[in-house]
Amino acid sequence: MSEKCPCCSEKQYSLCCERFLKGNQIPATAEQLMRSRYSAYARQDADYLVSTWHPAKRSPTLAGFLSESFQDTEWLSLTVTRCNRGSHGNEAYVTFFAQYRVKNTIHAIHERSRFLREDQRWYYIDGITPELGRNDRCPCGSDKKYKKCCG
């Protein structure tokens, strides 16, 4: 049996993100791209990450920066909390919560990522940290209030 996909979809990797990372298929939705990018971080695939970054947002040092960030980072979990259309059919937003460990410390990223589709291909553009109130439900999926959990 194949291993579970790092993107936490509960699917086998071979039936989920592997096809994208190997270049056999391109993600049809922004959420698929988001999940495959998380899997690329977990599998330390800087080439895939660079290729899915919008060309206007890539820097010449991006691949090196990503490779350096892999050294001490272990990706632990991904929770996609929301997927929204943008202002037009070729723009979408995916809100997620991801946890990772650097050395012995657990960190988290909560982001609303923006994606654009050009020539039938989705690209990551940028992201913002959504605002959370202390009494909002924690985005990690624990069902606790943010202030009692990751806040």
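Our subject is the structure that appears above.
Rules used in this analysis
Residues numbered from 1 in each chain as written. Predicted model: local features only at pLDDT ≥ 70, side-chain atom pairs only at ≥ 80, totals over all residues. Heavy atoms only, no water. Core = buried A, V, L, I, M, F, W, Y, C linked by side-chain atoms within 4.5 Å. Buried < 20%, exposed > 50% of the residue type's maximum accessible area, 1.4 Å probe, protein only. Helix = DSSP H or I, 4+ residues; strand = E, 2+ residues; numbered from the N terminus. Salt bridge = Lys/Arg side-chain N within 4 Å of Asp/Glu carboxyl O. Contact = heavy atoms within 4.5 Å.

Undergrad: Tell me about the nonpolar core, and name the residues and values.
TA: Counting 31 residues, the largest nonpolar core has Leu66, Leu78 and Phe115 as the members making the most contacts within it. Among the elements of the structure, helix H1 (18–21), helix H2 (30–42), helix H3 (46–52), helix H4 (62–70), strand S1 (73–85), strand S2 (91–102) and strand S4 (121–128) are those that each provide at least two residues to this core. Here this core takes six residues from H2, the largest share from any one element.

Undergrad: An account of the pattern of salt bridges is needed here, citing residue identities and associated values.
TA: Tallied over the entire structure, the rule returns seven salt bridges. Measuring nitrogen to oxygen at the nearest pair gives 3.4 Å for the salt bridge that ties Lys4 to Glu10. The closest approach of N and O atoms between Asp126 and Arg114, which form a salt bridge, is 2.9 Å. Placement of Asp126 in strand S4 and of Arg114 in strand S3 (residues 105–118) is noted, with a sequence separation of 12 residues between them. Bridged by salt links that share partners, the residues Glu91, Arg114 and Asp126 form one connected network.

Undergrad: Would you mind going over the side chain of Ser36 in detail, with residue names and values included?
TA: With respect to the helices, strands and loops of the structure, Ser36 is situated in helix H2. Judged by its relative accessible area of 0%, Ser36 falls in the buried class. With residues up to four places along the chain from it excluded, the contact list for Ser36 reads Cys17, Phe20, Leu21, Pro27 and Tyr48.

Keep in mind these numbers describe shape, not what the thing actually does.
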